[in-house]
Amino acid sequence: MSRSPSFSVKPELSVKPDPDSLQRWVVAFCIIRFDLERGQLIEECYPPGCLTQEEELEVAFSSFPDSVSQHQNCSSIHDCIFFFRFRRHKNTKQGNVTSSEITEIDDKDTISTPKEEKVIRRSRSSGKGSRHLYGYVFNRQRHDERLKRGGEQKSVVILSHGPYSSVFRPLLQIMGPLYFDIGKKAIEHIAGYVSLWPTPVPGKLMELPIGNAMLKVNLPPAHSLPLESGIAYEESASSMAPFLPNNQSVPQGLFHDSDLFGTFRGLLLQLWLLWELLLIGEPILVIAPTPPQCCEAVASLVSLVAPLLCSVDFRPYFTIHDPEFAQLNSLQEGDKYPPMVLGVTNLFFLKALRNIPHIVSVGSPAPNSSRVALASRSTGRIPGKPEGFGLQQLSLKKFSPSNLLNAVKLRRDGPLSLMTEHKEAIWSTYAATTKPDTSILNRLIDAGMSPRVEESMSVVNNEILRRHFLELTTNFLAPFGPYFRATTPPEGSSPFVDPPPLPPFNADEFLISLSARGVGKFLSKRMRSNWLDLYRRFLKGPNFLPWFQRRHAVAENEQHRLWRQAKMKTDIHHLISKMPELEVVDCFNAIERHLLGEIQLQHSGRVVAESAAMCQKLKGDLQAVFNVLPKDMQQLLLLNPQRAALLQGNSSPELTKLPGRPSIQVGVISSNSPR
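Residues numbered from 1 in each chain as written. Predicted model: local features only at pLDDT ≥ 70, side-chain atom pairs only at ≥ 80, totals over all residues. Heavy atoms only, no water.

Brief notes about the overall build of the protein
Threshold: Helix and strand assignments come from DSSP, with helices taken as H or I runs of at least 4 residues and strands as E runs of at least 2, each series counted from the N terminus. For every residue, the accessible area obtained with a 1.4 Å probe (protein chains only) is divided by the maximum for its type, and the residue is called buried under 20%, exposed over 50%, and partly exposed between those limits. Whether two residues are in contact is decided by their heavy atoms: any pair within 4.5 Å suffices. Here, Shrake-Rupley sampling with a 1.4 Å probe gives the accessible areas, and only protein chains in the shown set may cover a residue.
The number of helices and strands found in the protein is 24 helices and 14 strands. Residues counted as buried form 52% of the 675 residues belonging to the protein. Considering only intrachain contacts with a sequence separation of at least 6, the fraction spanning at least 24 residues in the protein is 77%. Carbon and sulfur atoms make up 52% of the accessible area of the protein, which totals about 31,400 Å².

So, in structure tokens, the structure goes:
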């Protein structure tokens, strides 16, 4: 892998890094060397002091392959790019918020906090309260028989709060070779350019300059990012499941750029099984010969359930040095594994985690490695169908006598057979409800053995598969749609009353109702008769509640926006002209309550779009309603100084202690009013 020839560093144009601006994208840049005497050592970390000692150890151990690649050349260089994810420690130096505080904020955000508060609250943390960090690694192994142990290796690591593989992979293709050319000056150059980048905007195509090059990348959408990420963003109701997106060319989930087809080409018939396992949050162990292969497989699996918010703990590259390995290793037979997807390369995990219920083996070992590759998949074309990679070929592979014997042997020997020879296989006792879609498989294209054509065909095949599973997931989530349906004020009614709450959710009632009305044509053709069991497992799994709460909060925000919009458009004179006097008084109280809420929002420092215009509109409406009230009632209302200030047009009435949007009764002076 080489640096892009279009990139060059000009010292006179170098930019001084701004640590605060850098934090929007990057937590730290690290240079890690494997020392034969002392193990993994962090040589450089910029900015300094941003990681705890425990986190530095985790980053160092996760930044190298478990074993040095076996290459023939006595003097050669081998580069690879992969990424990992690890849990932050509570006492992190940068973190302003503890894990318990983050949980509390998340719970509040997903239930009742207004949208304006949520966006500000998340943006304040700037990612410092993130529970996880992502490490993107450029690893170089240099083989030289003249060196001790025949070689050396070093890694360039970018740590970030966000799952932005589409950004940091191409950035590492520039930064990695640059570092090995000019040394630690490369960190300063790259950090300077990154600190000039605009704030990440989820779901958008962003142009990010780096030297004289330009990275054009799509970021994952807001609804796929955990609330813990600390990034300020707003979520729209139209962009979240269970509604099909308007523009399907825009990424709908995490790791939209992963090579789904290339990674699982030998296991295409099992993708629907894997989709279900991810959907219901089953623990999965993914084993591959190299870190790039296993992290690509984990990323592809996570991308399968888009646009669902994936709440399963996924680790693209997991090693025995991770602090959580000891906990997993202590689980006995019969103990339940937590919902997770672990990507590993160390065969020791096959013994240590032998009771994990689902194991997936992908990828192919490097030439001349210690493991033998078993030719378990067919890559040749079917005669008479040169461009097809469809069900016919897959069926032939599945039912040929030799493969049948291999399958029996595979099942008998179990995952430990990988200790001697590598196979692409799945070990699982789970019976999938969803049937493989033959029409999708028949559309896939086999490019043969040409690497250039293979790459372009993978792009086409990835698009076919990703669109299918996007549609599959969206249809699966569609029955939950009525619970997220925002309402608008009925024509002719007052928009100043409180909007009705969204329908409450009860799992048992939902399942009974769904069983009665059916799952819909799309899924009924693709699922077996026990499809209700899949919904039952989904409701009990780790993905449902976080997604439902998040979706429910967005729907409430959307309803709040619609009713706010209706208040701005209401002709108050026309509205009150048809009201009896008692309703006019109620309308006055409601408008006053909304106006006090807007003023309180402004005084708290939370700037909301069109808040000033809303205040002016509400003041005008309040005065209009006041003018039609009888004189004696007007005099009673004016006994409250706070109310009098509002009616006299004072833009900042004295608010000594505003109750939470009280209903002010006519003729009674509030005990909370300023005296």
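Focus on the pattern of salt bridges
For clarity, the threshold we go by: Only one rule defines a salt bridge in this text: a Lys or Arg side-chain nitrogen within 4 Å of an Asp or Glu carboxyl oxygen.
A full pass over the atoms with the stated rule returns 22 salt bridges. In this structure, Glu44 and Lys184 form a salt bridge, with 3.9 Å as the shortest nitrogen-oxygen distance. With Glu44 in strand S2 (residues 39-46) and Lys184 in the loop between helix H5 (165-182) and helix H6 (185-194), the pair connects residues that are 140 residues apart, well separated along the chain. We classify Glu44 as partly exposed; its relative accessible area is 27%. In this structure, the salt-bridge partner of Arg564 is Glu598, at a minimum N-O distance of 2.4 Å. Taken together, the residues span a long stretch of sequence, with Arg564 in helix H19 (residues 544-569) and Glu598 in helix H21 (residues 581-603) at a distance of 34 residues. Here Arg564 matches Glu598 in class, with each residue buried. Residues joined in a network through salt bridges with shared partners are Arg85, Arg87, Asp313, Arg315, Asp322 and Glu324.

Focus on the packing of H5 against H6
Two quantities define a packed helix pair, namely the angle between the axes and the distance from one axis to the other. Stated precisely, the cut-off is as follows: Axes, fitted as lines to C-alpha atoms, cover a helix only where it is in contact. Angles between the N-to-C directions of the axes lie from 0 to 180 degrees. When describing relative orientation, an angle under 35 degrees is termed roughly parallel and one over 145 degrees roughly antiparallel, while 65 to 115 degrees is termed roughly perpendicular and anything else oblique. Polar here means any residue other than Ala, Val, Leu, Ile, Met, Phe, Trp, Tyr, Cys and Pro, which are nonpolar, and Asp, Glu, Lys and Arg, which are charged; Gly is therefore polar.
H6 packs onto H5 with a crossing angle of 150° between their chain directions and a minimal axis gap of 8 Å. Of the possible angle classes, the one that applies to H5 and H6 is roughly antiparallel. The residues of H6 that touch H5, namely those facing Leu171, Met175, Leu178, Tyr179 and Ile182, are Lys185, Ala186, Ile187, His189, Ile190 and Val194. Residues that form the contact of H5 with H6 fall into these classes: 9 nonpolar, 1 polar and 1 charged.

Side note on the confidence of the model for the protein
Rules: The pLDDT value tells you how sure the predictor is about a given residue, anywhere from 0 up to 100.
Across the protein, the average pLDDT comes to 79, with 74% of residues at 70 or higher. Note on residues 1-5: pLDDT under 50 across the span, and 14 contacts to partners over four residues away in sequence or across chains. Below a pLDDT of 50 lies the segment residues 651-675, which in the model reaches 39 contacts outside its immediate sequence neighbourhood of four places, other chains included.

Brief notes about the environment of Ile599
Within the secondary structure, Ile599 sits in helix H21. Counting along the chain gives 12 residues from Ile599 to Ser611, while the straight-line C-alpha distance between them is 8.7 Å.

Some words on the environment of Ser224
Along the chain, Ser224 falls in the loop between strand S7 (213-218) and helix H7 (260-263). Here Ser224 falls in the buried class, since its relative accessible area comes to 4%. Sequence spacing of Ser224 and Leu254 is 30 residues, and the spatial spacing of their C-alpha atoms is 6.2 Å. Those residues in contact with Ser224 that sit more than four places away from it in its chain are Gly253, Leu254 and Leu309.

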